[in-house]
Amino acid sequence: MRDNGRSPTDRIDAFCDAVPRDQARAERHGPLTLFVRAGPGWPYYARPTRGSGAVSADISADDIGAVRDRQRALGAPESFEWIDEVTPTMRAACEKAGLRVTAHPLMVLVPGERPPRDPAVDVRLIAADAPDLARMQAVQMIAFGTPTMAPGAGDAADRDAMVPAVEAAALNLVRDRMRSGRMVLAAAFDTGFEGPVAAGGCQILLPVAEIVGLGTLPAVRRRGLGTAVTAILAEAALARRAETVFLSAADDDVARMYGRLGFVRVGTSAVASPAS
């Protein structure tokens, strides 16, 4: 699958290099680029520096170590992200440097596909000034704290108790990105829970869009809420003229769920961080 002469993985790699640049300072460290957060919001990662060829230069464990030293000096997470097919030397370098690597199916919505919507699910796009925005963030925080797909603890009371932990500065940053058109948020609602029970976002930097942060309260998992949020976000990205809509699935089981929405695997998204 190719798009205007560029592979989906190359388009996505360029997107991942470009997205942090409006909120972070890019530091070049040999074959790696470290994005340093400038102001409030989430911390960013280090990744292979984009080169003129399809594959970046060889990366060594020493290169990884030098960036980790800089991350520690900054008090930033020792986090690295890349696409295996674009930078095949990165994984071995990270492992040799003592980092744990996790791999995730990298999936793209097939051109022309429109993910089906479930009319039984109350799912909607969220405005930047919506009062439920903090509770949506709380849903995501709880969901990522219990990352398996299985149902479990984590209900409306837990969601509402988590709201005070949502940083106002981070919330304002999300609102700013929504107003500028760089981000779209969506949530699924359940009347019994009096508010959002699943949430996710889509980062847009045309012609590419990434669906991110999909999370469902453990108490209501396996009801199709996450897929409903994914479908409406993909629909919103296409409406905003995105040509490549992608996401990283947690594992093969989750990838199969996205496959039912019209996404296909095109590669492997990798993340490295200290094992501890």
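Residues numbered from 1 in each chain as written. Predicted model: local features only at pLDDT ≥ 70, side-chain atom pairs only at ≥ 80, totals over all residues. Heavy atoms only, no water.

A. Seen up close, the packing of aromatic side chains. Throughout the structure, instances matching the rule amount to 4 aromatic pairs. Between Phe 15 and Phe 246, the ring centres sit 5.5 Å apart and the planes meet at 90°, which makes this aromatic pair edge-to-face. Of this pair, Phe 15 sits in helix H1 (residues 8-18) while Phe 246 sits in strand S10 (residues 244-248), placing them 231 residues apart in sequence. The same class applies to Phe 15 as to Phe 246, namely buried. Between the aromatic rings of Tyr 44 and Tyr 45, the centroid separation amounts to 6.1 Å while the plane-to-plane angle is 85°, which identifies the pairing as edge-to-face. Each member of the pair Tyr 44 and Tyr 45 is classed as buried. In textbook terms, an aromatic cluster arises when at least three aromatic residues are bridged by ring pairs, as seen for Phe 35, Tyr 44 and Tyr 45. The positively charged end of Arg 124 is found above the aromatic ring belonging to Phe 189, 3.9 Å away from the centroid. (Phe/Tyr/Trp six-rings, centres within 6.5 Å; stacked < 30°, edge-to-face > 60°. Helix = DSSP H or I, 4+ residues; strand = E, 2+ residues; numbered from the N terminus. Buried < 20%, exposed > 50% of the residue type's maximum accessible area, 1.4 Å probe, protein only. Lys NZ or Arg CZ within 6 Å of the ring centre and 35° of its normal.)

B. Quick peek at the pairing of strand S7 (residues 183-190). Within S7, 8 of the 8 residues are buried, leaving the element largely enclosed by the surrounding structure. In S7, alternate side chains face the same way, and those of Met 183, Leu 185, Ala 187 and Phe 189 on one face and Val 184, Ala 186, Ala 188 and Asp 190 on the other are all buried. In this sheet, S7 lies alongside strand S6 (residues 122-126) in antiparallel orientation, the contact comprising 5 bridges. Looking at the pairing, Leu 125 lines up with Ala 186 of S7. The turn joining S7 and strand S8 (residues 195-205), which pair antiparallel and follow one another in sequence, is formed by 4 residues; a positive phi near 50° is taken by Glu 194. (Pairing = 2+ DSSP bridges.)

C. Spatial organisation of unusual backbone geometry. Residue Pro 207 is reached from Leu 206 by a cis peptide bond, and omega for that bond is 15°. Counting through the fold element by element, Pro 207 comes out in the loop between S8 and strand S9 (208-216). The backbone phi angle of Glu 194 is positive, close to 50°, even though this residue is not glycine. Tracing the sequence through the fold places Glu 194 in the loop between S7 and S8.

D. Region of interest: the pattern of salt bridges. Tallying each qualifying case throughout the model produces 22 salt bridges. Two residues, Glu 27 and Arg 25, come together in a salt bridge whose shortest N-O distance is 2.9 Å. Residue Arg 25 is classed as partly exposed on the basis of its relative accessible area, which comes to 41%. Linking Glu 27 and Arg 70 is a salt bridge whose minimum nitrogen-to-oxygen distance equals 2.7 Å. Linking Glu 27 in strand S1 (residues 24-29) with Arg 70 in helix H2 (residues 61-74), this pair joins segments that are 43 residues apart in sequence. For Glu 27, a relative accessible area of 13% translates into the label buried. Residue classification places Arg 70 among the partly exposed residues on the basis of a relative accessible area of 28%. One salt-bridge network, in which partners are shared between bridges, spans Asp 10, Asp 13, Arg 47 and Arg 50. (Salt bridge = Lys/Arg side-chain N within 4 Å of Asp/Glu carboxyl O.)

Remember, this is a structural readout, not a statement about activity or role.
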